[in-house]
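Secondary and tertiary structure notes
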Amino acid sequence: MDVLRGPFRTLNVSPSDGVLHVSLNRGARLNAVDMTLALELHDVLAALETVQRQPREDLAQQFSSMILYAPGGCVGVDIAAADGDDSWDYAGIHSQQLLSSLVEKLFSTSLVVVFVADGPIVGLGLGMLLASDLRLATARATFRCGFSGLGLSNCDMGVSWTLPKAVGYSTASKMMLVDEAMSGEEALTHNLIHHLDGDLAAAKERARGLVSKMRSRHSAQGLKLTKKQLKTSIEGSTNLSQALVAENAIQTMLLSRKDVMAMARRALDGLRRRSKL
């Protein structure tokens with residue numbers, strides 16, 4: 001799709017074999033989000049959803065996953081840039097909604113989102129990390145709410161909802177009230193991230209490996225529906241009985257698809273072969 005080809009001023013975007021690689025590209029500002037970056041990321045996410053709604057004959061053009069890289073970290077909103085931009089009233093409700101809706105779009109996209117953190121992750125950066133499905137980091141990554149340093153509440157960018165679900169109420173309380181930076185090792189211990197690697201190259205390789213595993217173990221539609229039902233359940237809009245009804249409907253629908261049945265037959269054939277060894 002033309003939008004995904006750019007050009008972009010604040011992002012590096014590269015589609016590859018059903019995976020969209022998106023790297024924040026304001027390294028001189030630790031990838032602090034200015035108006036340009038916010039709008040370009042909105043454009044990419046909107047374009048992805050348009051691609052996902054293509055007719056069935058265009059399935060080859062669709063994406064299963066997006067890997068969002070933050071090389072050097074992401075320290076939230078670029079307040080300095082906002083102060084020099086008369087078109088951006090960062091203290092106004094419209095700017096707040098523009099920024100926070102990035103978090104909502106990342107959380108609700110049908111794609112699996114993998115976030116790779118490499119440096120300080122603060123404020124909106126933390127909100128985007130927590131909205132992602134898989135969260136990877138390098139040894140130099142740190143994590144902090146950071147809103148309170150601006151005189152604001154640390155309940156911002158969805159963090160008051162996503163953080164307790166990721167790390168539990170007790171750890172979330174300390175992070176949000178004391179507002180100290182958490183190291184990568186602490187983040188791994190408290191389930192804020194899923195993997196910790198020594199450097200960015202290793203984290204990128206792990207991200208690509210995880211995406212490859214997901215694609216090998218799911219049909220394309222099965223992966224999307226797994227994410228959708230998982231998100232529905234975690235949002236608290238269902239109880240167990242309702243979740244089971246939804247899961248049963250998903251499995252029944254998937255089993256009616258020829259591509260899913262072919263994948264199931266290959267898996268069963270593999271099990272039969274291994275059982276004979």
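Preceding this paragraph is the structure being described.
Not measured: the values here are computed from a predicted model.

Right, let's get into unusual backbone geometry. Comment: phi is negative for the bulk of residues other than glycine, and the bulk of peptide bonds are trans. In this model, Gly 6 is joined to Pro 7 through a cis peptide bond whose omega is 5°. Unusually for a residue other than glycine, Asn 31 sits at a positive phi of about 55°. Following the sequence through the fold, Asn 31 ends up in the loop between β2 (19-24) and α1 (35-52). A positive phi angle, near 60°, is found at Asp 179, a position not held by glycine.

Taken together, six strands build an open sheet; the order of strands is β1-β2-β3-β4-β6-β9 and the sheet is mixed. The open sheet has two edge strands with one neighbour each: β1 (11-16) and β9 (195-197). This sheet shows a mean twist of 15° between the axes of neighbouring strands, independent of strand direction. In this structure, strand β6 (residues 134-138) lies alongside β9, joined through three bridges in parallel fashion. In the sheet register, Thr 138 faces β9, and the bridge partner there is Asp 197.

What follows deals with the pairing of β2. Of all six residues that make up β2, six are buried, and the element is covered over most of its length. Alternating positions in β2 separate into two faces, Val 19, His 21 and Ser 23 on one and Leu 20, Val 22 and Leu 24 on the other, with burial throughout. Note: β1 against β2, six bridges, orientation antiparallel. Residue pairing in the sheet places Pro 15 in a bridge with Leu 20 of β2. The antiparallel pairing of β1 with β2 creates a hairpin that spans two residues between the two strands, and Asp 17 there sits at a positive phi of about 50°. Note that β2 and strand β3 (residues 65-71) share five bridges and pair parallel. Bridging across to β3, Leu 20 finds its partner in Met 66.

Conventions and cut-offs
Residues numbered from 1 in each chain as written. Predicted model: local features only at pLDDT ≥ 70, side-chain atom pairs only at ≥ 80, totals over all residues. Heavy atoms only, no water. Helix = DSSP H or I, 4+ residues; strand = E, 2+ residues; numbered from the N terminus. Pairing = 2+ DSSP bridges. Axes fitted to C-alpha atoms, helices over the stretch in contact; angles between N-to-C directions. Buried < 20%, exposed > 50% of the residue type's maximum accessible area, 1.4 Å probe, protein only.

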